[in-house]
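Reading the structure
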Amino acid sequence: MKLIQNSLKPGVAAALASAFLFGAGTPLAKWLLGQMGPWLLAGLLYLGSGLGLLLYRLVRGAARPRLNPGEVRWLLAAVVCGGGIAPVLLMYGLSAMPSSHAALLLNAEAVLTAVLAWMVFKENFDRRIAVGMAAIVLGALLLSWPQQPAGEAGSTFALLWPAFAVLLACFFWALDNNFTRKVSLADASWIACVKGMAAGAINLFLAFLAGAVLPGLGKTVIAMGVGLLAYGVSLALFVVGLRHLGTARAGAYFSTAPFVGALFSVVFLAEPVTWKLVAAAALMALGVWLHLTEHHAHVHTHEVLEHEHAHVHDDHHPHDHVPAVAGEHSHRHSHEPVTHSHAHFPDAHHRHGHPGGD
């Protein structure tokens, strides 16, 4: 029981907190789009996250983690997909559709993240997760299906493209999530800081190249502040979720973000509550519930493993120190083979295979 409490609860709490911050940021980004272009806003959001986390790390005196060449490549790919492409697509989608609808469409990120984790990166997840994903997909389809006004037969594409842009952003964030999992044992605030600085600089450069102009000091600071919380702190928490839960499960918990965004949009932006919004929310709530109530436990064997990350001494880290060390610490360490049974998710210590794919 101690092992379950130590390994599952931090990841769940971190992923849910990440979802809350990101979901709350969606309607705020919608409001900011009225003050500046989507490319400029994406750059300011990410630069704000990077600079804010950099200041936080400087105050803490945090050391830079050591990544091997393979991990550096995964991190670069994550920066390009999740920091350079996805936020721009989301901003363009938000510019032409209600943010409450865009917020619920973002549930597709969890589905795409899980599909990629399962089919491409071979991470285990069971039938319950698949049924939950199906419910989320149905909700997203219902929400994005255009209600074409009479006499506007030629406007289907104009009605569909904002939803397509948001869904495409979800795909690139799903790639980002799977790539980031490969480096999730490193310091979460450092990963989020690097991604924010790089993505912010790239997007701002392209925005200025296209003729964008900063909207003024006050609005610039607001945009960067939103970015620090909704992108920087949220991403750092999500990395912690990846570390403890694996990609598909962390994505499932993160899929609660759109509900936060939709609630903020209705309450603070006075956007209407439509029947499609309610029906889609019900379907997505079912999918999220199935994700959150999953229980996975069986006898499994840990193979020999050597890596470096922050940890405490528990059933997975029973090694000794001379002199003795208490509390969380980080160093390179080895895991000996062990067979046992407990509830677990496919984190860095549980990437074993499952007969039959369950």
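Residues numbered from 1 in each chain as written. Predicted model: local features only at pLDDT ≥ 70, side-chain atom pairs only at ≥ 80, totals over all residues. Heavy atoms only, no water.

**A word on helix α5 (residues 108-119)**
Here α5 spans 16 Å end to end across twelve residues, near enough to the 16 Å set by a 1.5 Å rise per residue. Every buried residue of α5 is listed here: Ala108, Glu109, Ala110, Val111, Thr113, Ala114, Leu116 and Ala117. (Helix = DSSP H or I, 4+ residues; strand = E, 2+ residues; numbered from the N terminus. Expected span 1.5 Å × (residues − 1). Buried < 20%, exposed > 50% of the residue type's maximum accessible area, 1.4 Å probe, protein only.)

**Quick notes on empty space enclosed by the protein**
Applying the stated criterion to the full structure yields one cavity of 30 Å³ or more. Its boundaries defined by the atoms lining it, the largest cavity holds a volume of some 220 Å³. Tyr46, Trp173, Asp176, Leu235 and Phe254 are, among the 17 residues lining the largest cavity, the residues nearest its centre. Of all elements in the fold, only α1 (2-32), α7 (156-181) and α9 (217-245) reach the threshold of two or more residues within the lining of the largest cavity. Among the elements that line the lining of the largest cavity, the one with the most residues is α9, at six residues. (1 Å grid on protein atoms, 1.4 Å probe; cavity = no way out; pocket = protein on both sides within 12 Å on 5 of 7 lines; lining within 4 Å. Points joined across faces, edges and corners; volume = space filled by probe spheres on them.)

**Re the side chain of threonine 113**
Take threonine 113: it is sitting in helix α5. A distance of 2.9 Å separates a polar atom in the side chain of threonine 113 from a polar atom in the side chain of asparagine 177. (Polar contact = N/O pair within 3.5 Å; in protein donor to acceptor, adjacent residues only side chain to side chain.)

**Things to note about the nonpolar core**
Among the nonpolar cores identified, the biggest contains 57 residues, and Phe22, Leu41, Leu90, Met91, Trp173 and Tyr231 are the most heavily contacted of them. Sort the elements by how many residues they give to this core and α7 lands first, with nine residues. Contacts of methionine 91, omitting those with residues within four sequence positions, involve Ala29, Leu33, Pro38, Leu41, Ala42, Leu45 and Tyr231. One finds Leu53, Val183, Ala192 and Leu235 within the second-largest nonpolar core, a separate group that totals 13 residues. (Core = buried A, V, L, I, M, F, W, Y, C linked by side-chain atoms within 4.5 Å. Contact = heavy atoms within 4.5 Å.)

**Regarding the confidence of the model for the chain**
Taken residue by residue, the chain gives an average pLDDT of 79. The fraction at 70 or more is 76%. The low-confidence segment residues 1-8, where pLDDT is below 50, has twelve contacts with residues more than four positions distant or belonging to other chains. Contacts for the low-pLDDT stretch residues 150-154, under 50 throughout, to residues beyond four places or in other chains number two contacts. (pLDDT = per-residue confidence, 0-100.)

**Some words on helix α8 (residues 188-209)**
The first and last C-alpha atoms of α8 sit 32 Å apart over 22 residues, in line with the 32 Å expected at 1.5 Å per residue. Residue glycine 211 follows α8 closely and has a positive phi angle near 100°.

**With respect to the pattern of salt bridges**
What the rule picks out here adds up to three salt bridges. The residue glutamate 123 makes a salt bridge to arginine 181 at a minimum N-O spacing of 2.7 Å. With glutamate 123 in the loop between α5 and α6 (127-144) and arginine 181 in helix α7, this pair connects stretches of sequence that are 58 residues apart. For arginine 181, a relative accessible area of 9% corresponds to the buried category. (Salt bridge = Lys/Arg side-chain N within 4 Å of Asp/Glu carboxyl O.)

**Overview of the packing of α5 against helix α10 (residues 247-254)**
Contact pair α5 / α10: the axes reach a minimum separation of 8 Å and the direction vectors enclose 175°. By the criterion of interaxial angle, the relationship of α5 to α10 is roughly antiparallel. Residue-level inspection shows Glu109, Ala110, Thr113, Ala114 and Ala117 of α5 in contact with α10, the latter providing Thr247, Ala248, Gly251, Ala252 and Phe254. Grouping the constituent residues of the contact of α5 with α10 by class yields six nonpolar, three polar and one charged. (Axes fitted to C-alpha atoms, helices over the stretch in contact; angles between N-to-C directions. Parallel < 35°, antiparallel > 145°, perpendicular 65-115°, else oblique. Nonpolar A, V, L, I, M, F, W, Y, C, P; charged D, E, K, R; others polar.)

**Points about the packing of aromatic side chains**
What describes a pair of aromatic rings is the distance from one ring centre to the other and the angle between the planes of the rings. Scanning the model with the defined rule gives nine aromatic pairs in all. Measuring from ring centre to ring centre gives 5.7 Å for phenylalanine 22 and tryptophan 173, while their planes differ by 85°; the resulting arrangement is edge-to-face. Here tryptophan 173 lies in helix α7 and phenylalanine 22 lies in helix α1, a separation of 151 residues in the sequence. Ring geometry for phenylalanine 121 and phenylalanine 179: centres 6.2 Å apart, planes at 75°, overall edge-to-face. (Phe/Tyr/Trp six-rings, centres within 6.5 Å; stacked < 30°, edge-to-face > 60°.)

**Observations regarding a nonpolar patch on the surface**
Residues Trp31, Ile222, Leu263, Val267, Phe268 and Leu269 make up a contiguous nonpolar surface patch of about 610 Å² in total accessible area. Tallying contributions element by element places helix α11 (residues 257-268) first for the nonpolar patch, with three residues. Tracing the backbone shows phenylalanine 268 in helix α11. A residue is classified by how much of its surface remains accessible, and phenylalanine 268, at 61% relative accessible area, is exposed. (Patch = residues over 30% accessible without salt bridge, like charges linked within 9 Å, V, L, I, M, F, W, Y side chains within 5 Å. Areas by Shrake-Rupley, 256 points an atom, 1.4 Å probe, with all protein chains shown as cover.)

**Let's talk about the environment of methionine 224**
Examined against the element boundaries, methionine 224 turns out to sit in helix α9. Sequence separation of methionine 224 and leucine 51 is 173 residues, and the distance between their C-alpha atoms is 8.8 Å.

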